[in-house]
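Summary of the model geometry
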Protein chains: 2
Amino acid sequence: MPSKTPDGEQRGWIVPIGGAEDKEADPKVLKRFVDLCGGKDARIVVIPTASKLIETGTQYERLFPELGAREATVLDFDTRRDAQEQNRLDRIEDATGVFFTGGNQLRLSTLLGGTPVAKLVRSLNARGVTVGGTSAGASILSEHMIAFGREGSSPTAGSVRLAPGLGLTNRFVIDQHFRQRDRLGRLVAALAYNPFAIGIGLDEDTAAFIGPDDTLEVEGSGSVTIVDASELTFSSMDRAGEDDPVCLLGLRVHILVAGATFNLHTRQAAAGRLAITKT
Amino acid sequence: MPSKTPDGEQRGWIVPIGGAEDKEADPKVLKRFVDLCGGKDARIVVIPTASKLIETGTQYERLFPELGAREATVLDFDTRRDAQEQNRLDRIEDATGVFFTGGNQLRLSTLLGGTPVAKLVRSLNARGVTVGGTSAGASILSEHMIAFGREGSSPTAGSVRLAPGLGLTNRFVIDQHFRQRDRLGRLVAALAYNPFAIGIGLDEDTAAFIGPDDTLEVEGSGSVTIVDASELTFSSMDRAGEDDPVCLLGLRVHILVAGATFNLHTRQAAAGRLAITKT
């Protein structure tokens, strides 16, 4: 469950990124993340635990200050015991932003799930700290996380496996590398289990910036596919066998590009600044 | 434009199939096609012109009688002049069913478009003759045909090229090998040009049986994805560059499996026999 935001305070931004975000030519997604962490006052902790590659974390340590942050430091966890160490917790407590790199989201949930680190990140976000992540680091942010699944446009009953995520919110389920790895079917299957959540499919180099009011705005070069299953009139998920295709009638789908918005409460999509920009 | 159905008669069935339909273990899609052509009275003309392989047509010539047809004969066209020959036209005129094989839909439209054969097939369908096709042979059936395009879940402005098809109907745009080749993006892009049509994405071994009343019912082992863009609230197609992602708000999507139905007039999806079958 998400931590409760104290009275008079605002929840921090939640920033899932679809992976492979531009780090050189036009790093607008990461720049905006840095700005939301406080810009020149930003102290960002980079958690590279999803990845086994040493350079995964260090590249962000170098990049975030280039984009205007005061400092960025890598904080890794090799064991669940690491996630209980007080001096590591103190470093997170001091941050104005937390960033999870890509890798394997099950490594993140296995090492951090249920630890004081997971609890602290939830609590910081509830108190206004920006939390973001890319690829696996995006998937982990919500309560219900797509652990793995099959590719393909159409859903089959067994095409997706869910696992508990970090739980900053339970309003949505994230999938990433969306266009590049053809994941509509598994995102739709994830919603078919329980249509209350919103499905958010993030293309590479594209992010959903989710504000304190639960309105998301898209930034980046690709699109964000929103799947709203709340008006479903029929689902065969309860009776479909593992490999059977699933019948789902009445899905609402929005394809958002940079500048477009979606409100996770009212489930309304809007063109945002696109409606007035002529190019 | 579709031919006008004479008073007192019914248009024939239109049967687009997503390709790779089962021909041995459980050929229920092709069996139902044969039944709609008249079963033991069926005389089916197989047009293999989309393909350059000699066996493409002959396998259906052998298969349709095994599935109960009285006869099935291959009729190929190598040139546009072939498509004007009276004895070939007479053979089509005599058929109770016409079937287009897979291959390349541009070969079909290039060789048959605007010829007496195309006109005759439209006219026969308007007078009650069943017309079907698989893969490229499915794409060709409608007025607006996806000629080629890029794969991927999210649409970009340049991801699809349309060409005029055979024109049995202008109510829908077909795409095939849907799940297998990840074609949601290009189908959605095709609708973004002009949202009046319904997008029909056919998985392999799966068909939409479209009756005289323009209600389609799904048969086969996969699913049929229906994309209805008629309630779009915003599209950026008019201003998006060739490689830009397209913003489309308010798509309605239904994923149908065998037994489910969709009415192309009212745009209502229904669970059909699924609603009462417990398995």
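Reading the values: the criteria
Residues numbered from 1 in each chain as written. Chains lettered and ligands numbered in written order. Predicted model: local features only at pLDDT ≥ 70, side-chain atom pairs only at ≥ 80, totals over all residues. Heavy atoms only, no water. Helix = DSSP H or I, 4+ residues; strand = E, 2+ residues; numbered from the N terminus. Rg over C-alpha atoms; globule rule 2.2 N^0.38 Å. Buried < 20%, exposed > 50% of the residue type's maximum accessible area, 1.4 Å probe, protein only. Contact = heavy atoms within 4.5 Å. Areas by Shrake-Rupley, 256 points an atom, 1.4 Å probe, with all protein chains shown as cover. Lys, Arg positive; Asp, Glu negative; His and termini not counted. Charge placed at Lys NZ, Arg CZ, Asp CG, Glu CD. Axes fitted to C-alpha atoms, helices over the stretch in contact; angles between N-to-C directions. Parallel < 35°, antiparallel > 145°, perpendicular 65-115°, else oblique. Nonpolar A, V, L, I, M, F, W, Y, C, P; charged D, E, K, R; others polar. Least-squares fit on C-alpha atoms with pLDDT ≥ 70 in both. Buried area = accessible area lost by both parts, 1.4 Å probe. Salt bridge = Lys/Arg side-chain N within 4 Å of Asp/Glu carboxyl O. 1 Å grid on protein atoms, 1.4 Å probe; cavity = no way out; pocket = protein on both sides within 12 Å on 5 of 7 lines; lining within 4 Å. Points joined across faces, edges and corners; volume = space filled by probe spheres on them. Phe/Tyr/Trp six-rings, centres within 6.5 Å; stacked < 30°, edge-to-face > 60°. Lys NZ or Arg CZ within 6 Å of the ring centre and 35° of its normal. Pairing = 2+ DSSP bridges. Polar contact = N/O pair within 3.5 Å; in protein donor to acceptor, adjacent residues only side chain to side chain.

**A look at the overall build of chain A**
Within chain A, the secondary structure is distributed over eight helices and 16 strands. Relative to the globule expectation of 19 Å for 279 residues, the C-alpha radius of gyration of chain A, 18 Å, shows essentially globular dimensions. When the 279 residues of chain A are sorted by exposure, 60% land in the buried category. Within chain A, contacts between residues separated by at least 24 positions form 75% of all contacts whose residues are at least 6 apart in sequence. For chain A, the computed accessible surface area is about 10,600 Å², with 49% contributed by carbon and sulfur atoms. Across chain A, 31 positive and 36 negative side-chain charges occur, with their mean positions spaced 2 Å apart.

**Comments concerning the packing of helix 1 (residues 28-36) of chain B against helix 2 (residues 54-66) of chain B**
Residue and element names in this part refer to chain B. Contact geometry for helix 1 and helix 2: axes closest at 10 Å, N-to-C directions at 70 degrees. Judged on the interaxial angle alone, helix 2 and helix 1 are roughly perpendicular. Between helix 1, through Leu-30, Phe-33 and Val-34, and helix 2, the contact on the second element is made entirely by Tyr-60, Leu-63 and Phe-64. Residue composition of the contact of helix 1 with helix 2, grouped by class: six nonpolar, no polar and no charged.

**As for helix 1 (residues 28-36) of chain A**
One turn of an α-helix holds 3.6 residues; hence residues three or four places apart share an orientation. If you check which residues of helix 1 of chain A are buried, you get Val-29, Leu-30, Arg-32, Phe-33 and Val-34 of chain A. Once helix 1 of chain A ends, the next one or two residues include Gly-38 of chain A, with phi positive near 120 degrees.

**Here we look at the relation of the copies chain A and chain B**
When chain A is fitted to chain B, the best match, at an RMSD of 0.0 Å, comes from turning it 180 degrees and sliding it 0.0 Å along the axis. Such values leave the two copies arranged in the relation of a two-fold axis. For chain A, the smallest separation between a C-alpha atom and the rotation axis is recorded for Arg-252 of chain A, amounting to 2.4 Å. Residue by residue, 100% of the interface of chain A is reproduced at the interface of chain B, so both copies engage with the same surface.

**Overview of the interface of chain A and chain B**
With 42 residues of chain A at the interface, the matching set in chain B holds 42 residues. Between chain A and chain B, roughly 3,200 Å² of surface is buried when both sides are summed, and carbon and sulfur atoms account for 56% of that area. Interface area lost by chain A to chain B is led by Arg-179, Arg-239 and Ile-255 of chain A, which between them contribute 20%. Taken together, the connections running from chain A to chain B amount to two salt bridges.

**Describing empty space enclosed by the protein**
Taken as a whole and assessed by the stated rule, the structure comprises one cavity of 30 Å³ or more. By volume, the largest cavity is sized at about 40 Å³. Forming the boundary of the largest cavity are Leu-184, Val-253 and Ile-255 of chain A together with Leu-184, Val-188, Val-227, Leu-251 and Val-253 of chain B. Mapped by element, the contributors of at least two residues to the lining of the largest cavity are strand 14 (248-257) of chain A together with helix 8 (184-193) and strand 14 (248-257) of chain B. For the lining of the largest cavity, the residue count by class is eight nonpolar, no polar and no charged.

**Considerations on the packing of aromatic side chains**
The final tally for this structure, using the stated rule, is ten aromatic pairs over all chains. For the ring pair Tyr-60 of chain B and Phe-99 of chain B, a centre distance of 4.7 Å and an interplane angle of 45 degrees mean the geometry is tilted. Taken together, the positions of Tyr-60 of chain B in helix 2 and Phe-99 of chain B in strand 4 (residues 97-100) put the pair 39 residues apart, joining distant regions of the chain. Of the two residues, Tyr-60 of chain B and Phe-99 of chain B, neither departs from the other in class, the shared state being buried. By the ring-pair criterion, three or more aromatic residues cluster together here, those being Phe-33, Tyr-60, Phe-64 and Phe-99 of chain A. One residue, Arg-32 of chain B, lies across the ring of Phe-209 of chain B, its end atom 4.6 Å from the ring centre.

**Structural notes on unusual backbone geometry**
All names here are of chain A. Here Asp-205, not a glycine, exhibits a phi torsion of approximately 55 degrees, which is positive. On the basis of relative accessibility, which here comes to 14%, the residue Asp-205 falls in the buried class. For Asp-214, which is not glycine, the phi torsion reads 65 degrees and is therefore positive. Following the sequence through the fold, Asp-214 ends up in the loop between strand 10 (206-210) and strand 11 (215-220).

**A look at the pairing of strand 5 (residues 130-134) of chain B**
A regular strand places its side chains on the two faces of the sheet in alternate fashion. All names here are of chain B. Taken across its five residues, strand 5 has five buried, putting it largely inside the fold. Two elements, strand 1 (residues 14-17) and strand 5, share four bridges in a ladder whose sense is parallel. Bridged to Pro-16 within strand 5 is Gly-133. Two strands pair when backbone bridges link them, and strand 4 and strand 5 are joined in this way by four bridges, in the parallel orientation. Paired with Val-98 across the strands is Val-131, a residue of strand 5.

**So, the sheet that holds strand 10 (residues 206-210) of chain B**
What holds strands together in a sheet is hydrogen bonding between their backbones, with the strands either parallel or antiparallel. Residues and elements named next belong to chain B. Overall, mixed pairing links the nine strands, which are arranged 3-2-4-5-1-10-11-15-16 in an open sheet. In the strand order of this sheet, the two ends are held by strand 3 (71-74) and strand 16 (268-270), each with one partner. If you compare each strand with its neighbour and ignore which way they point, the axes differ by 20 degrees on average. Strand direction decides the pairing type here: strand 2 (residues 43-47) and strand 3, joined by four bridges, are parallel. Paired with Val-45 across the bridge in strand 3 is Thr-73.

**Considering the environment of Arg-161 of chain B**
Residue and element names in this part refer to chain B. Tracing the chain through its elements places Arg-161 in strand 7 (residues 160-164). Look at Arg-161 and you get partly exposed, because its relative accessible area is 34%. Along the sequence, Arg-161 and Leu-248 sit 87 residues apart, while their C-alpha atoms lie 18 Å from each other. Excluding residues within four positions of it along the chain, Arg-161 makes contact with Met-145, Ile-146, Ala-147, Phe-148 and Glu-242. In this structure the side chain of Arg-161 is engaged in a polar contact, spanning 3.1 Å, whose partner is the side chain of Glu-242.

None of the figures reported here should be taken as evidence of function without further support.
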